[in-house]
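Read off the chains here:
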Amino acid sequence: MSKREKVIKRASEMIAELGVKSLRVDDLACDLGISKRTLYEMFGDKQELLYHSVKEILQSEAEEIKAKMAVGYSGIPALFETFDAMMARSALRKRLTENLAKFYPELYERIMTENRDYGLTTLRETLNNLVKEGLISEMVNIDLSITMFYYTSMGLMRRHGRLVLPDGVSELEAFRYTIVNFFRGIATLKGVEQIDAYIEQKAKEKR
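Note that the coordinates shown come from a computational prediction; the quantities given were computed from them, not determined experimentally.

A.B. asks: Any chance you could explain the overall build of the chain here in plain terms?
C.D. replies: When helices and strands are counted, the chain shows 10 helices and 0 strands. Beginning at the N terminus, the succession of helices and strands in the chain can be written as α-α-α-α-α-α-α-α-α-α. Seen through its C-alpha atoms, the chain measures out along the principal axes to roughly 60 × 40 × 30 Å. Within the span of the chain, comprising 207 residues, buried residues form 39% of the whole.

A.B. asks: What should I look at first to understand the environment of glutamate 193 in this one?
C.D. replies: Position of glutamate 193 relative to the elements: it lies in helix H10 (residues 189–206). Considering only alpha carbons, one finds glutamate 193 and glycine 33, 160 residues apart in sequence, at a separation of 57 Å.

A.B. asks: How should the pattern of salt bridges be read in this particular structure?
C.D. replies: Proximity of charged atoms lets side chains of opposite charge pair with each other. Counted under the stated rule, the structure contains 18 salt bridges. Here aspartate 84 ties to arginine 176 by a salt bridge, and the two come within 2.5 Å at their closest N and O atoms. With aspartate 84 in helix H5 (residues 75–88) and arginine 176 in helix H9 (residues 171–186), this residue pair connects regions lying 92 residues apart in the sequence. Notably, a salt bridge pairs glutamate 200 with lysine 204, separated by 3.7 Å at the nearest N-O pair. Here glutamate 200 and its partner lysine 204 are both found in helix H10, 4 residues apart, which amounts to about one turn of the helix. By sharing partners, the salt bridges in this structure join Lys9, Arg10, Glu13 and Asp31 into a single network.

A.B. asks: Mind showing me how you'd approach the packing of H5 against helix H7 (residues 105–132) here?
C.D. replies: In contact at an axis separation of 10 Å, H5 and H7 are set at 160 degrees when each is read in the N-to-C sense. One element, H5, and the other, H7, form an angle in the roughly antiparallel class. In the packing of H5 onto H7, the handedness of the crossing is left-handed. Only Leu123, Thr126, Leu127 and Leu130 of H7 make contact with H5, whose side of the interface consists of Gly75, Ile76, Leu79 and Phe83.

A.B. asks: Looking at this structure, how should I read the side chain of serine 12?
C.D. replies: Along the chain, serine 12 turns up in helix H1 (residues 3–18). Since its relative accessible area comes to 7%, serine 12 is described here as buried. At 2.6 Å, the side chain of serine 12 and the backbone oxygen of lysine 9 are in polar contact. The contact partners of serine 12, leaving out residues within four places of it in the chain, are Ser53, Glu56 and Ile57.

A.B. asks: Whenever I open this one, the environment of glutamate 171 confuses me. Can you help?
C.D. replies: Note that glutamate 171 resides in helix H9. Expressed as a C-alpha distance, the spacing of glutamate 171 and isoleucine 34, which sit 137 residues apart in the sequence, is 43 Å. Only 3.5 Å separates the side chain of glutamate 171 from the backbone nitrogen of leucine 163, close enough to count as a polar contact.

A.B. asks: Please explain the packing of aromatic side chains as it appears in this structure.
C.D. replies: Working definition: an aromatic ring pair is given by the centre-to-centre distance plus the angle between the planes. Scanning the entire structure with this criterion turns up 8 aromatic pairs. Where tyrosine 150 meets tyrosine 151, the ring centres are 5.4 Å apart and the plane angle is 85 degrees; that geometry is what we call edge-to-face. Note on tyrosine 151: relative accessible area 45%, which makes it partly exposed. A centroid spacing of 5.2 Å and a plane angle of 80 degrees characterise the contact between phenylalanine 182 and phenylalanine 183, whose relative ring orientation is edge-to-face. Taking the relative accessible area as the measure of exposure, phenylalanine 183 reaches 0% and is therefore buried. Here the aromatic residues Tyr73, Phe80, Phe83, Phe149, Phe182, Phe183 and Tyr198 are joined through ring pairs into a cluster of three or more. One cation-aromatic arrangement involves lysine 21 over phenylalanine 103; the distance from NZ or CZ to the ring centre is 5.4 Å. Across from the ring centre of tyrosine 51, 3.5 Å away, lies the NZ or CZ of arginine 110, which sits over that ring.

A.B. asks: It is not clear to me how the nonpolar core should be interpreted in this structure. Could you clarify?
C.D. replies: Most often, soluble globular proteins have nonpolar side chains that are buried together. Counting 32 residues, the largest nonpolar core has Ile76, Phe80, Phe83, Leu127, Ile136 and Phe183 as the members making the most contacts within it. Taken together, the elements giving at least two residues each to this core come down to H5, H7, helix H8 (142–158), H9 and H10. Among residues more than four places away in sequence, those in contact with leucine 127 are Leu79, Ile142, Ile146 and Phe183. Counting 25 residues, the second-largest nonpolar core is a separate cluster that includes Ala11, Met14, Leu39 and Phe43.

How each quantity is defined
Throughout this description, residue numbers start from 1 for each chain and increase along the sequence as written. At least 70 in pLDDT is required for a residue's local features to be given in this predicted model, at least 80 for side-chain atom pairs to be given and counted, and no such filter applies to totals for whole chains, interfaces and linings, which use all residues. Hydrogens and water molecules were not included; the side-chain quantities draw on all heavy atoms of the structure. Going along the chain from the N terminus, every DSSP run of H or I of four or more residues is numbered as a helix, and every run of E of two or more is numbered as a strand. Remark: exposure states derive from per-residue accessible area (1.4 Å probe, protein chains only) relative to the maximum for the residue type, with buried under 20%, exposed over 50%, and partly exposed in between. When a carboxyl oxygen of Asp or Glu is within 4 Å of a side-chain nitrogen of Lys or Arg, the pair counts as a salt bridge. An axis is simply a line fitted to the C-alpha atoms; with a helix, the fit covers only the stretch in contact. Between two such axes, the angle follows the N-to-C directions and lies from 0 to 180 degrees. Note that the term roughly parallel is reserved for angles under 35 degrees, roughly antiparallel for angles over 145, roughly perpendicular for angles of 65 to 115, and oblique for everything else. Should the near helix be turned anticlockwise from the far one by less than a right angle, the crossing is left-handed, and should it be turned clockwise, the crossing is right-handed. Between two residues, a contact is recorded if the distance between any of their heavy atoms is within 4.5 Å. Contacts described as polar in this section are N or O atom pairs within 3.5 Å, which, within protein, must combine one atom able to donate a hydrogen with one able to accept it, while residues neighboring in sequence count only if both atoms come from side chains. Pairing of aromatic rings covers Phe, Tyr and Trp, the last counted by its six-membered ring, and requires centre-to-centre distances within 6.5 Å; plane angles under 30 degrees mean stacked, over 60 mean edge-to-face, and any other angle means tilted. By the criterion adopted, a ring carries a charge over it if an Arg CZ or a Lys NZ lies within 6 Å of its centre and within 35 degrees of its normal. For our purposes a nonpolar core is just a set of buried Ala, Val, Leu, Ile, Met, Phe, Trp, Tyr and Cys residues, chained together by side-chain atoms within 4.5 Å.

Okay, structure coming up:
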């Protein structure tokens, strides 16, 4: 790991623990045993350091989710597990993005735009593969589907902790309900059978 990578990793850890606004360049330099000048030589300014550090948090999250998705699931259920993992991490993401929007609006727009583009591209590739596997209908408008689904799911995640739900229903259950019914509407018969088997498995795990 290069010195620059070590700085980004440590800064991302401090941001996750303290928040974006509380990260001070002086504290980071002291923690790493290097000079403040060295940090500025590496990144130019604090916003560029924050950019790379927040991206590190999001990238680490994406890698953890990808690893979880690869274990024990395939097809549409693998996608459901991915969204479950994202929902489980939504509190940190919500706090991070709200602080960015409040204190660093330009940086927020930059990161959110890149994150949106990455998310839409990944979802498009996944749905196209599910079409090839015969799990999603060939009649589906992929671009429209991923756009509507992306903004719906991101909206639910950003409201983490603020959803008003029926008694006994958790946010994860509500999120999963939304996802399951969305995909049920665009799935083939084979895909619906896979979805039903996944729901049955989750119900058994809950008992």
